[in-house]
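Residue-level listing of the chains:
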Amino acid sequence: QASFISRHLAAPPSRAHRWLRSRQRKGVSGAQVEMTVAMSPSSGKVKGSANLERLSSLRLWAVTSGNLAYGFMMADQGMLLAPLEAEHLFETQASLGLALMAVCCGVSQLTGPAAGRWSDRHRSRFGRRRPCLVMAMGAVWVLTSFLSVCSEMKLSFAFIGAFLMQQFAWNCMQTVQAGLVPDVIAADQRSAAGGMSAANTLGGAFLALMGVRFLGGVGVQAHYAMTVSVGMLCCVLVCLAANETPTNNIEDKANEVYDPLSFLRHIKSCYEFDPARHPQFAKLLLSKTLYCSSVMVKGFLLFFIQDTFKLKDGHKEQAIVGNTAVAAEAVAAFAAVAAMALLDVASAELATGSTTKKRSEDDPQETSPLPGISDASPDGEPYVDPNSATSVGAVRARMFTLFGSFWMCVMWLGPPLVGLGVLRDSEAMVRANVAVDRQALSDAWSPYMVLGTAVWGIGQGVYLAGDQALSYALLPDPEEASRLLGLTSICAAAGAVFGGSVTGLLLYTLGGSGKEPSVLHPEPLLLGVGPTAPGYAYPGYAGMFLLASALSGASCLVLRTVRTPAELCGERARIAGP
């Protein structure tokens, strides 16, 4: 203990020296400081993060490829199959049926922390993540098959129940995938891993939409089969690329008595989180909630296209939706890859020691003497080297989230402007006693729709890359990574329930109650074939897009208040003084 203190107090006054003085003024002894270093979640000696090798870009992609399957499912089911199934199963109240599915997606996210705790404590010679991943994928396969049967037999309530359970399984898989990153990827690469996770999610969505674009005539059952196939392939890739440490020799707490009360306490502990102790992570969760609320509008895009252009041709309307969604997801994926590359370059340069070497040559004694202190310090205020790879990556990630949320806030105004333009042009034709040419209006305005959503995708890609990276940077305890990252699913749940229900309600109230019962298209249920249009008026769609813009703006304001560990350390050093 004496040697530990002397090593760091012998140096001239520095940030670390002032840090120790501030601890002494608060009554923290040297023994407590030493214990903090030893027990810190980021300490390499305890958690073994210092011994993790840097992964190649290909292997980094494979480890995070589970996000590709999740993105594929979200695009295929969320943006295309869910609206079509809503029209198929809830004929005259499609918006309410779609809102119900959105609520199911939100409720299913509540399993995130519990699934994370299950994964954190799983014991197996294959590690604690991969077996859970395989079991979750098996459940996805069974439930997706049942969804196809319910759709074919037009069992609306059975479909909703199976849809809810399927989303439970997908969320378990996503939570386990998130917890795998801190287990197998070195700390200086986690910012890049966050960007790669976002790129995989958006890349999966892009692949799904490209499949719809070129296979638009196939039935919904074929798309359910594609979703399961992609999920199983990605599950195999993750299991092969991840080099997990066996956990079957780790003993759990002995002599635990599982009575009903202890079981309930155990479930409650899965959802426990102290915002006062970890305020930065709490604010990040809030911003995630607002983002998830805003993107629920994308599920109503097919309705918007149908009611705006009124082409009365399902395949042409589907082509516009496909072009719009493909443009947005493709640009978002490229933006996420670019953000990931910037994060990886910074971490790679610092990880090689070039920056540390230069700084040591300028002042050999001005180093980072307490690298292990993190959120587990006695007062929850860590010392972090602001020049480390992890710190630089966190600062860049925060900048990306700010830029992305602001960009989306502005670009959400594009679709209502397109709708207003179509409405004004059609009214001008009516005043001129000219027949309204819907195809001409579509040809004139749909390119603006595609271009606007593509530009919007820049913000989404940059935001998601920064958000994933910032989540790993602000993670309170890597030992409970899956459970804590599973808390983001609570945010997604609250966001999906709020965003989906309010969006559906705005569309239903401001846009009218929908169309009267009409004769459906005589063909079987194919992509883009169904009722001529949902029948909602423009004010409903304008309201839902303005809501999305307001939510993105609120997310940006929350992110402005987030401080990375390095920024907090600098602020405390300035307050402490020399």
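Residues numbered from 1 in each chain as written. Predicted model: local features only at pLDDT ≥ 70, side-chain atom pairs only at ≥ 80, totals over all residues. Heavy atoms only, no water.

1. As for the overall build of the chain
1) Next: In terms of helices and strands, the chain carries 23 helices and zero strands.
2) Next: Every one of the 578 residues in the chain was classed for burial, and the buried ones make up 56%.
3) Next: Within the chain, residue pairs in contact and separated by at least 24 positions form 85% of the contacts whose partners lie at least 6 positions apart. (Helix = DSSP H or I, 4+ residues; strand = E, 2+ residues; numbered from the N terminus. Buried < 20%, exposed > 50% of the residue type's maximum accessible area, 1.4 Å probe, protein only. Contact = heavy atoms within 4.5 Å.)

2. Considering helix α8 (residues 112–120)
1) Next: The element α8 is largely enclosed, with a buried count of seven among its nine residues.
2) Next: Looking only at α8, the buried set comprises G112, P113, A115, G116, R117, S119 and D120.

3. Re the environment of V238
1) Next: Checked against the element boundaries, V238 lands in helix α12 (residues 220–241).
2) Next: Along the backbone, V238 and L180 are 58 residues apart, and their C-alpha atoms lie at a distance of 9.4 Å.
3) Next: When neighbours within four sequence positions are excluded, V238 is seen to be in contact with A62, V63, S65, G66, L133, Q177 and L180.

4. Considering the packing of aromatic side chains
1) Next: Going through the model one piece at a time under the given rule, you end up with 11 aromatic pairs.
2) Next: Relative to W407, the ring of F403 has its centre 5.4 Å away and its plane inclined at 35°; by these criteria the two rings are tilted. Taken together, the residues span about one helical turn, with F403 and W407 both in helix α18 (residues 389–411) at a distance of four residues.
3) Next: Assessed through its relative accessible area of 26%, W407 is described here as partly exposed. (Phe/Tyr/Trp six-rings, centres within 6.5 Å; stacked < 30°, edge-to-face > 60°.)

5. Section: the packing of helix α21 (residues 481–510) against helix α22 (residues 538–560)
1) Next: Between α21 and α22, whose axes approach to 7 Å, the crossing angle comes to 150°. Classified by the angle their axes make, α21 and α22 are roughly antiparallel. Seen from above, α21 lies across α22 with right-handed handedness. Of the residues in α22, those touching α21 at F498, V502, T503, L506, L507 and L510 are P539, G540, Y541, G543, M544, L547 and L551. (Axes fitted to C-alpha atoms, helices over the stretch in contact; angles between N-to-C directions. Parallel < 35°, antiparallel > 145°, perpendicular 65-115°, else oblique. Left-handed = near helix turned anticlockwise from the far one by under 90°.)

6. Quick word on a nonpolar patch on the surface
1) Next: A surface patch of nonpolar side chains, amounting to about 340 Å² of accessible area, comprises V107, L110, I267, Y271 and V497.
2) Next: Inspection of the secondary structure assignment puts Y271 in the loop between α13 (260–270) and α14 (279–295).
3) Next: On the basis of relative accessibility, which here comes to 35%, the residue Y271 falls in the partly exposed class. (Patch = residues over 30% accessible without salt bridge, like charges linked within 9 Å, V, L, I, M, F, W, Y side chains within 5 Å. Areas by Shrake-Rupley, 256 points an atom, 1.4 Å probe, with all protein chains shown as cover. Salt bridge = Lys/Arg side-chain N within 4 Å of Asp/Glu carboxyl O.)

7. Structural notes on the side chain of Q174
1) Next: Residue placement: Q174 occurs in helix α10 (residues 156–184).
2) Next: Each residue touching Q174, except ones within four places of it in the same chain, is listed here: G66, N67 and Y70.

8. Comments concerning the pattern of salt bridges
1) Next: The full count for this structure, using the stated rule, is six salt bridges.
2) Next: The salt bridge partner of R128 is D183, with a shortest N-O separation of 2.8 Å. Of this pair, R128 sits in the loop between α8 and α9 (130–153) while D183 sits in helix α10; the two residues are 55 residues apart in sequence, bridging distant segments of the chain.
3) Next: Residue classification places D183 among the partly exposed positions, given a relative accessible area of 22%.
4) Next: Two residues, E244 and R130, come together in a salt bridge whose shortest N-O distance is 3.4 Å. Residue E244 is located in the loop between α12 and α13, and its partner R130 is located in helix α9; the two are separated by 114 residues in the primary sequence. Here the two residues E244 and R130 agree in accessibility, since each one is buried.
5) Next: Through salt bridges with shared partners, one network takes in D120, R128, R129 and D183.

9. Some points on α14
1) Next: Along its 17 residues, α14 runs 25 Å from first to last C-alpha, staying within 8% of the 24 Å computed at 1.5 Å per residue.
2) Next: Among the 17 residues of α14, 14 are classified as buried, and the element is accordingly described as predominantly covered. (Expected span 1.5 Å × (residues − 1).)

10. Observations regarding the environment of V297
1) Next: As for its placement among the helices and strands, V297 is situated in the loop between α14 and α15 (301–309).
2) Next: Assessed through its relative accessible area of 2%, V297 is described here as buried.
3) Next: Spatially, the C-alpha atom of V297 lies 9.8 Å from that of A496, the residues being 199 residues apart in sequence.
4) Next: Once you skip the residues sitting within four places of it in the chain, V297 turns out to touch W412, T503, M544, F545 and A548.

11. Remarks on the confidence of the model for the chain
1) Next: Here the chain averages 75 in pLDDT, while 74% of its residues score no lower than 70.
2) Next: The low-confidence segment residues 1–21, where pLDDT is below 50, has 38 contacts with residues more than four positions distant or belonging to other chains.
3) Next: In the predicted structure, residues 354–383 sits below a pLDDT of 50 and forms 66 contacts with residues beyond four places in sequence or in another chain. (pLDDT = per-residue confidence, 0-100.)

12. With respect to the environment of P83
1) Next: Tracing the backbone shows P83 in helix α6 (residues 66–89).
2) Next: For P83, a relative accessible area of 0% gives the class buried.
3) Next: Sequence separation between P83 and L301 is 218 residues; the distance between their C-alpha atoms is 9.0 Å.
4) Next: Contact partners of P83, with chain neighbours within four places excluded, come to Q77, G78, L98, G299, L302 and F303.

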